[in-house]
Amino acid sequence: MADVFDRVKDIIVDKLDVEESKVTMEASFKDDLEADSLDVVELVMELEDEFDMEIADEEAEKINTVGDAVNYINSLQS
Amino acid sequence: MLKGKSALVTGASRGIGRAIALELARQGANVAVNYAGSEAKAQAVVEEIEQLGVNAFKIQADVSDESSVKAMVKEVIGQFGSLDILVNNAGITRDNLLMRMKEEEFDQVINTNLKGVFVCTKAVTRQMMKQKSGRIINVASIVGVSGNPGQANYVAAKAGVIGLTKTTAKELASRNILVNAIAPGFISTDMTDELTDEQREGMLAMIPLAKLGTPEDVARVVRFLASEDANYITGQTIHIDGGMVM
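Owing to the predicted nature of the structure, the values given are computational and were not obtained by experimental measurement. (Residues numbered from 1 in each chain as written. Chains lettered and ligands numbered in written order. Predicted model: local features only at pLDDT ≥ 70, side-chain atom pairs only at ≥ 80, totals over all residues. Heavy atoms only, no water.)

Draft legend 1. Fine view of the overall build of chain B. Per the secondary structure count, chain B includes nine helices and seven strands. Rg of the C-alpha trace for chain B: 17 Å, near the compact-globule value of 18 Å for 246 residues, within the 12% margin. Principal-axis analysis of the C-alpha atoms gives chain B an extent of 50 × 35 × 35 Å. In chain B, the proportion of contacts linking residues at least 24 apart, taken out of those at least 6 apart, comes to 74%. (Helix = DSSP H or I, 4+ residues; strand = E, 2+ residues; numbered from the N terminus. Rg over C-alpha atoms; globule rule 2.2 N^0.38 Å. Contact = heavy atoms within 4.5 Å.)

See the structure below:
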């Protein structure tokens, strides 16, 4: 579990240029990490590449927090 | 000018699309030549491009079909390693008076000429966002600005392309992807060759420069929009019509 979170965190820190400490499971991309809609689309793209999978648009739309992303990836990998 | 860039031109087997593909190649770009049905003509364009010393290949796809467009874009990125320029040129006509136009004629033109631009644009955006650069040039038409009797479907699609251009330009500007449209007027192609002398005279009377444009006149503007010279231009529609619509 931690592994996925750390990899997701690295991508977020890199893409959104935010402090590592701000990236918690509860953090909302738009409210806490100052991402706009396009940033979130771009993050999802990066996650798809990092974890070598495709996230359907309907699923991607439900990803609002860091935890949403981590849990979704975990659900696919288990 | 475009050395090392890679371009995808839809509907590039003849007419304006062919001229655009050749012009981009002359500037050093590698070019993927998309076609719907004219395979032999597309192959001839590829060979002409290769003689210019750059890479080219032909690729069949119906631009309104998302899965074949996705496969096409993947192929282009696979062969060239990047995708810097998309020219949405593919288009068809099914002219008829509104009163006589069949639903099917309307749908076909909207699907290829408008939905095709959406589908192709969406398919290249991922790559261009990653590159943090890209140019999308949409071939609209002057009739999309002025209207034209007998072309309700075509005009609606082309006007739609101009609106789509503006929205795409706004959405993607922050990623350094510039999106513009061109609106050619009467350009000498297979389509205009079929006109009668009388129709031709009537057209010329409306054009301040009093002559038809050539596919090359259009291609040079696309080359400009694809180049570094157009770094501060996005969301615009450039008329290439001899001054017909101002």
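Draft legend 2. Examining the pattern of salt bridges more closely. Within the structure shown, the criterion is met by 18 salt bridges over all chains. Among the ionic contacts, a cluster of salt bridges with common partners joins Asp39 and Glu42 of chain A together with Lys132 and Arg175 of chain B. (Salt bridge = Lys/Arg side-chain N within 4 Å of Asp/Glu carboxyl O.)

Draft legend 3. Focus on the packing of helix H4 (residues 103-131) of chain B against helix H6 (residues 152-172) of chain B. All names here are of chain B. Contact geometry for H4 and H6: axes closest at 8 Å, N-to-C directions at 15 degrees. As the angle between them shows, H4 and H6 are arranged roughly parallel. In this structure, H4 crosses over H6, and the sense of that crossing is right-handed. Across the interface between the two elements, Glu105, Phe106, Val109, Ile110, Asn113, Leu114, Val117, Phe118, Thr121 and Thr125 from H4 touch Ala152, Asn153, Tyr154, Ala156, Ala157, Lys158, Gly160, Val161, Leu164, Thr168 and Leu172 from H6. A class-by-class count of the residues in the contact of H4 with H6 yields 13 nonpolar, six polar and two charged. (Axes fitted to C-alpha atoms, helices over the stretch in contact; angles between N-to-C directions. Parallel < 35°, antiparallel > 145°, perpendicular 65-115°, else oblique. Left-handed = near helix turned anticlockwise from the far one by under 90°. Nonpolar A, V, L, I, M, F, W, Y, C, P; charged D, E, K, R; others polar.)

Draft legend 4. A look at the interface of chain B and chain A. At the junction of the two partners, chain B supplies eight residues and chain A supplies nine residues. Summed over both sides, the interface of chain B with chain A buries roughly 760 Å², with 44% coming from carbon and sulfur. One can count seven salt bridges joining chain B with chain A. With a shortest N-O distance of 3.1 Å, Glu42 of chain A and Lys132 of chain B are connected by a salt bridge. At the boundary of chain B and chain A, one finds seven residue pairs in polar contact (both at pLDDT 80 or more). (Buried area = accessible area lost by both parts, 1.4 Å probe. Polar contact = N/O pair within 3.5 Å; in protein donor to acceptor, adjacent residues only side chain to side chain.)

Draft legend 5. Representation of empty space enclosed by the protein in the model. Residues and elements named next belong to chain B. One pass over the full model with this rule turns up one cavity of 30 Å³ or more. Of the pockets and cavities examined, the largest cavity occupies roughly 30 Å³. As for the largest cavity, its lining consists of Thr10, Val63, Asn88, Asn89, Ala90, Thr112, Asn113, Gly116, Val117 and Cys120. Residue contributions to the lining of the largest cavity peak at five residues, all from H4. Classifying every residue of the lining of the largest cavity gives four nonpolar, six polar and no charged. (1 Å grid on protein atoms, 1.4 Å probe; cavity = no way out; pocket = protein on both sides within 12 Å on 5 of 7 lines; lining within 4 Å. Points joined across faces, edges and corners; volume = space filled by probe spheres on them.)

Draft legend 6. View of the sheet that holds strand E7 (residues 237-240) of chain B. Residues and elements named next belong to chain B. The strand order across the open sheet built from seven strands is E3-E2-E1-E4-E5-E6-E7, with neighbouring strands paired in parallel fashion. The outermost strands of the open sheet, each flanked by one partner alone, are strand E3 (56-60) and E7. Neighbour to neighbour, the strand axes of the sheet diverge by 20 degrees on average, direction disregarded. By the bridge criterion, five bridges tie strand E2 (residues 30-35) to E3 in an arrangement that is parallel. Its bridge partner lying in E3, Val31 is registered against Ala56. Its contacts with the sheet put helix H1 (residues 15-26) on strand E1 (6-9), E2, strand E4 (85-88), strand E5 (134-139) and strand E6 (177-184), and the angle it makes with E1 is roughly 175 degrees. (Pairing = 2+ DSSP bridges.)

Draft legend 7. Representation of helix H3 (residues 66-80) of chain B within the structure. All names here are of chain B. Taking 1.5 Å of rise per residue, 15 residues should cover 21 Å, and H3 covers 21 Å from first to last C-alpha, within 8% of that figure. Residues Val69, Met72, Val73, Val76 and Phe80 constitute the buried set of H3. Taken down its axis, H3 places every buried residue within 95 degrees of arc, on the same side. Facing away from the buried side of H3 by over 90 degrees, the exposed positions are Ser67, Lys70, Lys74 and Gly78. Among the structural elements, E1, E2, E3 and H4 are those in contact with the buried residues of H3. At the C-terminal side of H3, Gly81 shows a positive phi close to 85 degrees. (Expected span 1.5 Å × (residues − 1). Buried < 20%, exposed > 50% of the residue type's maximum accessible area, 1.4 Å probe, protein only. Arc of directions from axis to C-beta.)

Draft legend 8. Examining the nonpolar core more closely. Residue and element names in this part refer to chain B. Core analysis: the largest hydrophobic core is formed by 35 residues, its most contacted members being Ile20, Leu24, Ile49 and Ile182. If you list the elements that add at least two residues to this core, you get E1, H1, E2, helix H2 (39-50), E4, E5 and helix H9 (215-226). Apart from residues no more than four positions distant in its own chain, Leu24 is found in contact with Leu2, Ala7, Val9, Ala29, Val31, Ile85, Val87, Arg223 and Ala226. Val76, Val119, Cys120 and Val179 belong to the second largest nonpolar core, which has 27 residues in total. (Core = buried A, V, L, I, M, F, W, Y, C linked by side-chain atoms within 4.5 Å.)

Draft legend 9. Inspection of the UniProt feature "modified residue: O-(pantetheine 4'-phosphoryl)serine" (unreviewed entry) in chain A at higher detail. All names here are of chain A. The sites that carry the UniProt feature "modified residue: O-(pantetheine 4'-phosphoryl)serine" (unreviewed entry) are, in the present numbering, Ser37. Position of Ser37 among the secondary structure elements: in helix H2 (residues 37-50). For Ser37, a relative accessible area of 48% corresponds to the partly exposed category. (UniProt positions renumbered as here; feature names shortened; annotations may be inferred.)

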